[in-house]
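Summary of the model geometry
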Amino acid sequence: MNSFSLDFSFLEEGFTAQDILEQKINESSLSDDKDAFYVADLGDIVKKHIRWLKALPRVTPFYAVKCNDSKAIVTTIANLGAGFDCASKAEIQFVQNIGVQPERIIYANPCKQISEIKYAASCGVEKMTFDSEGELIKVAKNHPNAKLVLRIATDDCKAMCQLSVKFGATLKTSRLLLERAKELNIDVIGVSFHVGSDSRDPQQTFVQAISDARCVFDMGAELGFNIHLLDIGGGFPGSKNSRLNFEEVISVINLTLDKYFPANSGVQIIAEPGRYYVASAFTLAVNVIAKKVMLTEQTGSHDEDDASKKTLMYYVNDGIHGSFNLITRFRMEMGIVRKKKSKPDEKLYSSSIWGPTCDSDDRIIEQCDLPELEVGDWILFENMGAYTVVASSTFNGFPRPTLHFVMSRPHWQLMHTIQEHGTFPEVPELNDVHVSCVSKNRMELNSIACIV
Ligand SMILES: *Cc1c(COP(=O)(O)O)cnc(C)c1O
């Protein structure tokens, strides 16, 4: 396999992505350049891929490009040998320009514009999803060689982002669709679903959906189709220390797959993870650009206790029209505060955090207890790789944060080993490579985290 070219900085030996972030913050204290920025660790993507291969050996990942389409991310994942879930002509073009072959792409959007179906046909992308009769008719006319994958609905009521309100056929409809596909002489090769993104409890949904998929496989067989592809979609957790443990979720999936689609069934299994691959790789640093102090009670005296009666409003240089566009809708965790000057035992004040635009909805955190910050202090948001940079606008003239991609040499070598051999070597936990190194300057910084 050829190597896809990649743009990033190597981490010096003994340095972590976190150190680079601290370094940039320290440098910024000497100048007025305090623009928001990201540090993204491509090594984290490599680690996630290995964790996937170990945990779900039967399931080939097709990364969902919409989650984060940074070239460095997509290229790293291409080098690792994964496939891609694309939902539009532009995403297909992007992935193919990097050098990915059409067999490694699934066009996983059940409702497509005709010109885009024709585009997929012209560049050899054959696997595509559908969930309606109208789509079958469009595909029969514009891409008769397509290999269709029937998207079924799931019970995703526990997910933050419920996709089955928009996509997916019921079992009853699935039978009608298969009959119609037979009449139109279109090949249906697979079944797909999505349990919903950012679910609190995806296990049950996975179990039900895999068993429903089995029903559709059987219906297909009755009608003379050779359905041999199962696509279990996305919805796998991707944050560091997420409430939901990836291994817990997938242990249930593995058991269910073995029950309904045993290894000897000859069924190829793929998935479309998005946030799993990228969430934890990105940390966003935003700067406090303005501050307002509001007095909640007027007592006239100036003693210490009264000071706690104030609340604070902080304005930072990224917001809901930028990186937080899609994610504040669901929930937001407060970041880690980096103050230039800090005292021990700082008092905490009720605070809110707002984006830089003139829109009054542009608020990131409604309420959170923080030590008092000053203009020029930083707030770090971790786990910011998924559905952030892809959804940001420059509304009101505020620029998108710059992205700094880094990777350590051991991770770079590991990526190439995986690329050459298709498997990963048994490596000691790469997490431990850097533990001995602590940035000198970190001692000066005060960090507190609070969860809203
Ligand atoms: C968004 C999406 C994904 C990725 O979902 P995650 O929850 O980020 O893993 C996968 N498949 C389809 C069809 C999607 O729309």
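Since the structure is predicted, the reported quantities are computational estimates derived from the model, not experimental observations.

Residues given the UniProt feature "active site" (unreviewed entry) here are Cys 358. The residue Cys 358 is located in the loop between strand 16 (348-354) and strand 17 (363-371) in this model.

A water-sized probe rolled over the atoms picks out the places where empty space is left. For the coordinates displayed, the defined rule picks out 1 cavity of 30 Å³ or more. In this structure, the largest cavity occupies an estimated 80 Å³ of space. What lines the largest cavity is a set of 13 residues, and nearest its centre among them are Asp 318, Gly 319, Gly 322, Pro 356 and Phe 398. Its residues assigned to classes, the lining of the largest cavity comprises 5 nonpolar, 6 polar and 2 charged.

Positionally, Asn 109 belongs in the loop between strand 5 (105-107) and helix 5 (114-122). A distance of 3.1 Å separates a polar atom in the side chain of Asn 109 from the backbone nitrogen of Cys 111. Apart from the residues within four sequence positions on either side, Asn 109 is in contact with Cys 86, Ala 87, Thr 129 and Phe 167.

Moving on, we come to the pairing of strand 9 (residues 187-192). Along strand 9, 5 of the 6 residues are buried, which leaves the element largely enclosed by surrounding structure. Where strand 7 (residues 147-151) meets strand 9, 5 bridges bridge the pair, whose relative direction is parallel. In the sheet register, Lys 147 faces strand 9, and the bridge partner there is Asp 187.

As a further point, take the UniProt feature "domain: Orn/DAP/Arg decarboxylase 2 N-terminal" (unreviewed entry) in the protein. According to UniProt, the feature "domain: Orn/DAP/Arg decarboxylase 2 N-terminal" (unreviewed entry) maps to residues 42-279 in the numbering used here. Secondary structure across residues 42-279 comprises 45% helix and 17% strand; the distance between its end C-alpha atoms is 11 Å.

In terms of nonpolar packing, the biggest core is built from 112 residues, with Phe 84, Leu 230, Ile 232, Phe 236 and Ile 253 touching the most fellow members. Residue contributions to this core peak at 7 residues, all from helix 8 (residues 202-222). By size, the runner-up hydrophobic cluster in this structure holds 12 residues, among which are Leu 11, Ile 20, Phe 37 and Ile 336.

Parameters and conventions
Residues numbered from 1 in each chain as written. Predicted model: local features only at pLDDT ≥ 70, side-chain atom pairs only at ≥ 80, totals over all residues. Heavy atoms only, no water. UniProt positions renumbered as here; feature names shortened; annotations may be inferred. Helix = DSSP H or I, 4+ residues; strand = E, 2+ residues; numbered from the N terminus. 1 Å grid on protein atoms, 1.4 Å probe; cavity = no way out; pocket = protein on both sides within 12 Å on 5 of 7 lines; lining within 4 Å. Points joined across faces, edges and corners; volume = space filled by probe spheres on them. Nonpolar A, V, L, I, M, F, W, Y, C, P; charged D, E, K, R; others polar. Polar contact = N/O pair within 3.5 Å; in protein donor to acceptor, adjacent residues only side chain to side chain. Contact = heavy atoms within 4.5 Å. Buried < 20%, exposed > 50% of the residue type's maximum accessible area, 1.4 Å probe, protein only. Pairing = 2+ DSSP bridges. Core = buried A, V, L, I, M, F, W, Y, C linked by side-chain atoms within 4.5 Å.

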